[in-house]
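These are the residues of each chain, in order.
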Amino acid sequence: IGRSLAMSIPPPFRAPHIPGLTVLIPHLREDILSRREDLFSGHESGVPLIDWVRVRYRDEFDAFVARMREGGFWKTCPEDLGHWSEYSDEQWQAICMWASMRLQTLWRTVTG
């Protein structure tokens, strides 16, 4: 044992750089795209899920709305972003996709 501890350790094998890949996998029949009705369902505290997501990811939601306005995707948008009844069906489709990306319970990053 004493002799093996005194030996120099060879350098580790260097693998070539392989970029990471993110894969979205639904967990136990989980819907990938949340629906408008799902986002309005009450959380344990009675707060609609969309309000919780908006508060939890406030900066991201503000940036999302800004991109939609600047890109011309949304012609009109409520001044108070929390008035959900004022959004059109087209806007709701985009909001549902945005919220779905933040509500997934299982994200796996596969490298290599």
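Residues numbered from 1 in each chain as written. Predicted model: local features only at pLDDT ≥ 70, side-chain atom pairs only at ≥ 80, totals over all residues. Heavy atoms only, no water.

Trainee: Please clarify how the packing of aromatic side chains should be interpreted in this entry.
Mentor: To describe a pair of aromatic rings, one takes the distance between the centres and the angle between the planes. Under the criterion given, the structure shown has seven aromatic pairs. Look at Tyr87 and Trp92: their rings are 6.4 Å apart centre to centre, the planes differ by 75°, and that puts the pair in the edge-to-face class. The exposure class of Tyr87 is buried, given its relative accessible area of 4%. One aromatic cluster is present, built from ring pairs that chain together Phe61, Phe64, Trp84, Tyr87, Trp92 and Trp98. Across from the ring centre of Tyr57, 5.1 Å away, lies the NZ or CZ of Arg56, which sits over that ring. (Phe/Tyr/Trp six-rings, centres within 6.5 Å; stacked < 30°, edge-to-face > 60°. Buried < 20%, exposed > 50% of the residue type's maximum accessible area, 1.4 Å probe, protein only. Lys NZ or Arg CZ within 6 Å of the ring centre and 35° of its normal.)

Trainee: Quick question: what am I supposed to make of the pattern of salt bridges here?
Mentor: A side chain of one charge can pair with a side chain of the opposite charge if their charged atoms are brought near each other. What the rule picks out here adds up to three salt bridges. Of the charged contacts, one joins Arg36 and Asp89 as a salt bridge, the two residues approaching to 3.3 Å between their closest N and O atoms. Of the two residues, Arg36 is situated in helix α2 (residues 36-40) and Asp89 in helix α5 (residues 89-103); the sequence distance between them amounts to 53 residues. Across the pair Arg102 and Glu60 runs a salt bridge, and its minimum N-O distance is 2.7 Å. Here the residue Arg102 occupies a position in helix α5, and Glu60 occupies one in helix α4 (residues 58-70), the gap between them amounting to 42 residues. (Salt bridge = Lys/Arg side-chain N within 4 Å of Asp/Glu carboxyl O. Helix = DSSP H or I, 4+ residues; strand = E, 2+ residues; numbered from the N terminus.)

Trainee: Explanation requested: helix α3 (residues 49-56) in the structure shown.
Mentor: Residues Leu49, Ile50, Val53 and Arg54 constitute the buried set of α3. An end-on view of α3 places all buried positions within 135° of arc, on one side of the element. With respect to the buried face of α3, the exposed residues turned more than 90 degrees away are Val55 and Arg56. Residues of α3 that are buried make contact with α2, α4 and α5. (Arc of directions from axis to C-beta. Contact = heavy atoms within 4.5 Å.)

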